[in-house]
Amino acid sequence: MDTTCTSRLFSSDYEALLLELLEYHTVSPMETGQPSLLAEAQQCYASFAAARTGAQIVVHSSPDPALLIGEEVPLSVKERASRMGSTFWSSQPNLVLRIGPQRPPAQTLVFNFHMDTVDGSFPVSYDGETFIGRGAVDMKGPGVALLAGIEAALQDKPGLLDSYSIVIQCVSGEEGGAMGVYGTKVLIDQGWYGRLNVFAEPSNGVYFDNSTTSMTARIVVEGKDATDDAPHSGHNATLLLGYLAQQLFAALSVPITEAGGKMCLAGLHTGQMHNKVYGSGQLLMNFAYLSTEAGQQFRLWIEDAFADAVHRFSDTFSTIDGSALTAKDAEQICRLEWVKQGLPVLNNRDESLEHFLAALGLERSLDDHLHETFTCDAMWAQREGCYTIVYGPGSLEKNLAHADGEWITRQQLEEYAVSIRHLLLSYVTIAQDQSVKETIA
């Protein structure tokens, strides 16, 4: 890739912008049940973008609550929105900036990143090389870096916008299991997509155009509590859920992995007291799949394995003192429900744009490395005549995204900005060719 540049793109102004954004509390209400300052952070970003690139705000509004009726909306979103009321929506707007005139998707290049973050608070810091803070790599840092790349491209080629327009989406609803249904999906459905759509995510410097999508199962036990002095008189949700967790992992993890998927045995909760038998609780499991067909197959496997495991529990514990009641009532007090399922996967190819990106030096993640990809909002941006990729700096794992101490280096952000600049300067040729085709048509 040609990284020639006369000056540093991720300058001190961009360093200051990132530090300011890291200080904003933009944790998703899906994580905390509390409103965030996402709107204020988006306005800060938009004001900076307008001053440096001439970007115009064309959308900055909260999603429509009517979205809750869609089958693709995760159950967790419906539950959280119901509990929080109007503040759930008002604190999670979507922002769209446009640089250049309004043009059809064929002559538009779209960048997407999210400003909402997972929960977890730790001090923001910068030592001149490494930024630390919630959102540093996922995704405030890359969102700022792509803006630096856009500004540099416009400075190098002021006539760049004669050929195509640039759209930046800064969305809500990416984290917390919202799956982009009231963020990216809303904007794509409204027509905010382009010939090329670049989703900024920590992809380790390569790009991928296909990925997994996840489905979440929740096993719920709703039984009767009991005191530790008479444990036999109640239902033991801890025993039942613990047994199911082991049985389901043993039964499902290998076949799902062999089918190209992933299984995550997640949280199990009943209670925290030592002198009580908890009759209610829940177990969460997450499953990633590579195709719609695989997702449908996984669901059948999971539901069958669940029914079998509950039956085995009843057989195993029916004659043991203290668990007989739980065993007898297991099928009545325990159920499996789908928090999310049936979502699409990202799976698109475009020969001409793949050649274009390869000429820039951008490496496409190989098909046999799909296990290294991950679920993200890009799954909603598949349209005829479009190519959607996930490309960004840093690594979810190495840069501690979603963990304490999340970080990214200034050099990583500089390299990303340079690559965005180079992409934009080179994209002129494709945009001009497309313009000629549109004129002829």
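Fair warning: this is a prediction, and the values are worked out from it, not measured in the lab.

Draft legend 1. Structural context of the pairing of strand β6 (residues 165–171). Here β6 lies mainly inside the structure; seven of its seven residues are buried. Neither face of β6 is open: one carries Ser 165, Val 167, Gln 169 and Val 171, the other Ile 166, Ile 168 and Cys 170, and all of them are buried. Here strand β2 (residues 94–99) pairs with β6 via five bridges, running antiparallel. Among the inter-strand pairings, Leu 95 is bridged to a residue of β6, identified as Cys 170. Across seven bridges, the pairing between strand β3 (residues 108–114) and β6 is parallel. Pairing of Phe 111 across the sheet is with Ile 168, part of β6.

Draft legend 2. The packing of helix α1 (residues 12–23) against helix α6 (residues 140–156), seen in detail. One can describe the packing of α1 onto α6 by two numbers: an axis separation of 10 Å at closest approach and a directional angle of 150°. Classified by the interaxial angle, the pair formed by α1 and α6 is roughly antiparallel. Pair α1 / α6 crosses with right-handed handedness. Judged by residue contacts, Tyr 14, Leu 17, Leu 18, Leu 21 and Leu 22 of α1 engage Lys 140, Gly 141, Val 144, Leu 147, Ala 148 and Glu 151 from α6. Here the residues of the contact of α1 with α6 sort into eight nonpolar, one polar and two charged.

Draft legend 3. How the structure looks around the pattern of salt bridges. Counted according to the given criterion, the structure contains 21 salt bridges. Note that Arg 52 is salt-bridged to Asp 13, the shortest N-O span being 3.0 Å. Of this pair, Arg 52 sits in helix α3 (residues 38–53) while Asp 13 sits in helix α1, and the two are 39 residues apart along the sequence. Judged by its relative accessible area of 29%, Arg 52 falls in the partly exposed class. With a shortest N-O distance of 2.7 Å, Glu 79 and Arg 218 are connected by a salt bridge. Taken together, the positions of Glu 79 in helix α4 (residues 75–84) and Arg 218 in strand β9 (residues 213–222) put the pair 139 residues apart, joining distant regions of the chain. In this structure Arg 218 comes out as buried when scored by relative accessible area, which is 9%. Overlapping salt bridges bring together Glu 79, Arg 218, Glu 222, Arg 335 and Glu 337 as one network.

Draft legend 4. Molecular detail of α1. With 12 residues, α1 should reach 16 Å at 1.5 Å per residue; the first-to-last C-alpha distance of 17 Å fits that figure. Burial in α1 covers these residues: Tyr 14, Glu 15, Leu 17, Leu 18, Leu 21 and Leu 22. Relative to the axis of α1, the buried residues are bounded by an arc of 160° and lie together on one face.

Draft legend 5. Seen up close, the sheet that holds strand β13 (residues 280–289). Taken in spatial order, the four strands make up an open sheet running β11-β13-β9-β14, and their pairing is antiparallel. Looking along the sheet, the strands with just one partner apiece sit at the ends: β11 (262–269) and β14 (334–340). Taken pair by pair, the neighbouring strands of this sheet meet at an average axis angle of 20°, ignoring direction. Note that β9 and β14 share six bridges and pair antiparallel. Paired with Val 220 across the strands is Arg 335, a residue of β14. Sitting on the sheet, helix α9 (residues 292–317) touches β9, β13 and β14, and the angle it makes with β14 is about 160°.

Draft legend 6. Region of the structure containing the pairing of β3. Of all seven residues in β3, seven are buried; the element is thus mostly enclosed. On β3, burial covers both faces: Thr 108, Val 110, Asn 112 and His 114 on one face and Leu 109, Phe 111 and Phe 113 on the other are all buried. Sheet analysis places β3 next to strand β7 (residues 196–199), joined by four bridges and oriented parallel. The residue of β7 that forms the bridge with Asn 112 is Phe 199.

Draft legend 7. Seen up close, the packing of aromatic side chains. Counted by the stated rule, this structure contains 16 aromatic pairs. Consider the rings of Phe 10 and Tyr 14, whose centres lie 6.2 Å apart with planes at 35°: the pair is tilted. Of the two residues, Phe 10 and Tyr 14, both sit in the buried class. On the numbers, 3.9 Å between centres and 10° between planes, the contact of Tyr 126 with Phe 131 is stacked. Residue classification places Tyr 126 among the partly exposed positions, given a relative accessible area of 22%. Under the relative-accessibility criterion, Phe 131 is labelled buried at 0%. One aromatic cluster in this structure is built from Phe 10, Tyr 14, Phe 48, Tyr 126 and Phe 131. Over the aromatic face of Tyr 193 sits the side chain of Arg 383, whose NZ or CZ is 5.7 Å from the ring centroid.

Thresholds applied
- Residues numbered from 1 in each chain as written.
- Predicted model: local features only at pLDDT ≥ 70, side-chain atom pairs only at ≥ 80, totals over all residues.
- Heavy atoms only, no water.
- Buried < 20%, exposed > 50% of the residue type's maximum accessible area, 1.4 Å probe, protein only.
- Helix = DSSP H or I, 4+ residues; strand = E, 2+ residues; numbered from the N terminus.
- Pairing = 2+ DSSP bridges.
- Axes fitted to C-alpha atoms, helices over the stretch in contact; angles between N-to-C directions.
- Parallel < 35°, antiparallel > 145°, perpendicular 65-115°, else oblique.
- Left-handed = near helix turned anticlockwise from the far one by under 90°.
- Contact = heavy atoms within 4.5 Å.
- Nonpolar A, V, L, I, M, F, W, Y, C, P; charged D, E, K, R; others polar.
- Salt bridge = Lys/Arg side-chain N within 4 Å of Asp/Glu carboxyl O.
- Expected span 1.5 Å × (residues − 1).
- Arc of directions from axis to C-beta.
- Phe/Tyr/Trp six-rings, centres within 6.5 Å; stacked < 30°, edge-to-face > 60°.
- Lys NZ or Arg CZ within 6 Å of the ring centre and 35° of its normal.

Nothing here speaks to function; it is all geometry.
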